[in-house]
Every structure is written in C-alpha cells, then in structure tokens.
Amino acid sequence: MAGHTTSAMNLSLISITFPVFVLILERIWFKQAISAQRGAGIVIVLLGVVCLITRGHLSVLLHISFAIGDLWMLLAAVIFSLYSLLLRQKPKGISINSLQFSCFMLGLLFLLPAFAWQQFSQGPCVLTATTGPAVLYVGIFASLVAFIFWNRAVDTIGPLKAAMVYYTSPLFSGILAWVFLKEPMGVIHLVSLSMILSGIGLTNRG
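Predicted model only: the values in this text are computed from it and were never measured. (Residues numbered from 1 in each chain as written. Predicted model: local features only at pLDDT ≥ 70, side-chain atom pairs only at ≥ 80, totals over all residues. Heavy atoms only, no water.)

### Details of helix α1 (residues 8-15)
Every buried residue of α1 is listed here: Asn-10, Leu-13, Ile-14 and Ser-15. As for α1, its buried residues are in contact with α2 (18-30), α3 (36-54) and α4 (68-86). (Buried < 20%, exposed > 50% of the residue type's maximum accessible area, 1.4 Å probe, protein only. Helix = DSSP H or I, 4+ residues; strand = E, 2+ residues; numbered from the N terminus. Contact = heavy atoms within 4.5 Å.)

Next comes the structure, spelled out in structure tokens:
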C-alpha cells in the first residue's frame, strides 16, 4: 500500500527505523538499558545505510517529499518491531514451527476476505510466466522461509541483535544488483559496507 503513493527512497529510509523502534520498545517494555556503546553502534549503522541509499549524496534528503504512503510504511515498521518483541513471549512448550504454522493459518483467515473482495472487484489474478515465479518466490522464500529463519534468529539471539542484522539487507541488495543487473559498485558502497558492519559489531559486542 505504501509503495503506491511514495517513492522507493522514502520506503527504504523509513524501513531502517524498524530496529530503532525495537530498541525503544524494548527499553519501555522490558526495561532493557541502552548503553552508550549500543547507541553509538546504531548511529554508525544508520549513517552507513543512509549513505548507501542516497549513494553518498546526502543533500537529496533536503528535497524529500512526504505522502500518505510514508505513514503506512512507518506503521509497518512499528508493527514488525512489536511482532519481533512479542516473539520473546512465546511459551517454551511451543516450537518455532508450530508457532509459524499458527501465525500463517491466522494470516490466511485474516487475508481471505480481502483476497475475495479484490478478486470480485478487480477481477481474478492471472498468473503468467512472469508473475507466476514471482508469486512463488514471495510466497515460499520471502514469506515462509524468511519468517521461519527470522523467528529462529529472534528466539536464539533476541530481537535487538536480530534487528541489527536486518541492516545488512541493503548490502545484499547492492551485491545482488552488481552480480545480476551489472549495476556499478563504487567507493560509497565499500564505505557504507564498512560502516554498517562495524556498527553491527559494536552494537552486538558483549
């Protein structure tokens, strides 16, 4: 929904607020202390990601315009941070796979009426040689597999450390674009890489 009314850069910049919300909500909810080391690490990572998104031209931030899609994206970041924190409340007797199955079944029930309405109002979705593999990828890898790994990561190292690793997403996007789309990789990518990785290391150290 957000992508219909706002730019890709706005989406990228707002999405990186997710780990910050995890940090703030963890402080409020679980009284987790925010050390100077952890705060400095997050600032370094944020600067690295912003440099990567803006390709080193930070002046473009002065010309960003905002739309209703930005609020949707901000709401998504808050909801995902709440979801990640709530994983800490998972009863010990429930496995990750059982939790995932329950979440996906509930998600199916919640989304089925919206899907039926869309099919009725806009016509049936036609799968082609292009859209079919895309839907399969989103359904299997970006949804099922990614969430299983995410839930296991949060269960193992906690929501904040998992959230910090989330910042490597733009790096992988850049590397994949370089490999498959032949997009150039310059000095700013290497600088951003070093800032993001050093920030993650500083935040998670100890």
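### Considering the nonpolar core
Val-45, Val-49, Tyr-167 and Ile-196 are the most contacted members of the largest nonpolar core, which has 26 residues in total. It is α3 that contributes the most residues to this core, six residues altogether. If sequence neighbours within four positions are ignored, Ile-196 has contacts with Val-45, Gly-48, Val-49, Tyr-167 and Leu-171. (Core = buried A, V, L, I, M, F, W, Y, C linked by side-chain atoms within 4.5 Å.)

### Observations concerning the environment of Leu-144
With respect to the element layout, Leu-144 can be found in helix α6 (residues 131-157). Each C-alpha atom of the pair Leu-144 and Ala-76 lies 18 Å from the other, and the pair is 68 residues apart in sequence. Setting aside chain neighbours within four positions, we find Leu-144 in contact with Phe-104 and Gly-139.

### Observations concerning the packing of helix α5 (residues 96-122) against α6
Each pair of packed helices can be described by the angle between their axes along with the distance between the axes. Running from N to C, α5 and α6 cross one another at 130°; their axes reach a closest spacing of 10 Å. By the angle between their directions, the pair α5 and α6 is classed as oblique. Relative to α6, the crossing made by α5 is right-handed. Residues Ile-96, Asn-97, Gln-100 and Phe-104 of α5 form the contact with α6, whose participating residues are Ser-143, Leu-144, Phe-147, Ile-148, Asn-151, Arg-152 and Asp-155. (Axes fitted to C-alpha atoms, helices over the stretch in contact; angles between N-to-C directions. Parallel < 35°, antiparallel > 145°, perpendicular 65-115°, else oblique. Left-handed = near helix turned anticlockwise from the far one by under 90°.)

### Description of the packing of α1 against α3
Remark: α1 packs on α3, axes separated minimally by 10 Å, with the N-to-C direction vectors making an angle of 170°. Between α1 and α3, the angle falls in the class roughly antiparallel. Every residue of α3 that contacts α1 at Met-9, Ser-12 and Leu-13 is listed here: Val-50, Ile-53 and Thr-54. The class makeup of the residues in the contact of α1 with α3 is four nonpolar, two polar and no charged. (Nonpolar A, V, L, I, M, F, W, Y, C, P; charged D, E, K, R; others polar.)

### Digging into the environment of Leu-202
Examined against the element boundaries, Leu-202 turns out to sit in helix α9 (residues 187-204). When its relative accessible area of 22% is taken as the criterion, Leu-202 is described as partly exposed. The residues contacting Leu-202, other than those within four sequence positions of it, are Gln-37, Ala-40, Gly-41 and Ile-44.

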